[in-house]
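Here's the letter readout for the chains.
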Amino acid sequence: MTTIKASCPCCGDVELTPKQVRLVVCSAKERSFYAFGCPKCKDEVRKPAGEDVVALLVSGGVAVERWTIPAEAMEEHHGSTIAWDDVLDFALVLDSCDDLASLAGRGLRTVR
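Keep in mind it's a predicted model, so treat the numbers as computed, not measured.

Bringing the overall build of the protein into the picture now. What the protein contains, in helices and strands, is 3 helices and 6 strands. Secondary structure elements in the protein, listed N-terminal to C-terminal, are β-β-β-β-β-α-β-α-α. For the protein, whose C-alpha radius of gyration is 23 Å, the value lies well above the compact-globule estimate of 13 Å for 112 residues. Expressed as lengths along the three principal axes of its C-alpha atoms, the size of the protein is roughly 65 × 25 × 25 Å. Looking at the protein as a whole, 25% of its 112 residues are labelled buried. Restricting the contact set of the protein to residue pairs at least 6 apart, pairs at least 24 apart contribute 43%. Split by element, the accessible area of the protein, about 8,600 Å² in all, is 54% carbon and sulfur. Charged side chains in the protein number 13 positive and 17 negative. The centres of these two groups are separated by 10 Å.

Encoded structure:
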């Protein structure tokens, strides 16, 4: 059986089986990671997984979980963040509006 050596920040080097390692490969490569429960202290350890680490773990028999981040989550956003008051104002506008299409055309700032 394949033995995978990893390091726990508390316990140091540990030996794992492929089934003890979780490998998540993300569509945004910088977000790929591997994780394992330390057999000594039982803490979950999570570390980034570059292409070389992914290849090494796959060759050792670790199953790959694929994770695709929706494009919307990776968009850049400009402007200030919304506050709870903004959310409440929006809910009040929606509650009092019968025609959402016309409301969208006018913009929310004109309706209060």
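Moving on from the coordinates now.
Looking now at the environment of C11. One can find C11 in the loop between β1 (4–8) and β2 (12–16). Classification of C11 as partly exposed rests on a relative accessible area of 27%. For the pair C11 and E76, spaced 65 residues apart in sequence, the C-alpha to C-alpha distance is 39 Å. Beyond its immediate chain neighbours, meaning those up to four positions away, C11 contacts C38, K40 and C41.

Per-residue pLDDT for the protein averages 89, and the proportion of residues at 70 or more is 90%. No element of the protein has a lower mean pLDDT than helix α3 (residues 100–106), which averages 68, and none a higher one than strand β4 (residues 33–37), which averages 98.

A separate point is the packing of aromatic side chains. Enumeration over the complete set of coordinates arrives at 1 aromatic pair. Here Y34 and F36 contribute two aromatic rings whose centre-to-centre distance is 6.5 Å and whose plane-to-plane angle is 15°, an arrangement assigned as stacked. The same class applies to Y34 as to F36, namely buried. Across from the ring centre of F33, 3.6 Å away, lies the NZ or CZ of R46, which sits over that ring.

Note that β4 and strand β5 (residues 44–48) share 5 bridges and pair antiparallel. Residue F36 lies in a different strand from β5, and its bridge partner there is V45. Following β4, the chain reverses through 6 residues before pairing antiparallel with β5; K42 in that reversal takes a positive phi of roughly 70°.

Rules of the game
Residues numbered from 1 in each chain as written. Predicted model: local features only at pLDDT ≥ 70, side-chain atom pairs only at ≥ 80, totals over all residues. Heavy atoms only, no water. Helix = DSSP H or I, 4+ residues; strand = E, 2+ residues; numbered from the N terminus. Rg over C-alpha atoms; globule rule 2.2 N^0.38 Å. Buried < 20%, exposed > 50% of the residue type's maximum accessible area, 1.4 Å probe, protein only. Contact = heavy atoms within 4.5 Å. Areas by Shrake-Rupley, 256 points an atom, 1.4 Å probe, with all protein chains shown as cover. Lys, Arg positive; Asp, Glu negative; His and termini not counted. Charge placed at Lys NZ, Arg CZ, Asp CG, Glu CD. pLDDT = per-residue confidence, 0-100. Phe/Tyr/Trp six-rings, centres within 6.5 Å; stacked < 30°, edge-to-face > 60°. Lys NZ or Arg CZ within 6 Å of the ring centre and 35° of its normal. Pairing = 2+ DSSP bridges.

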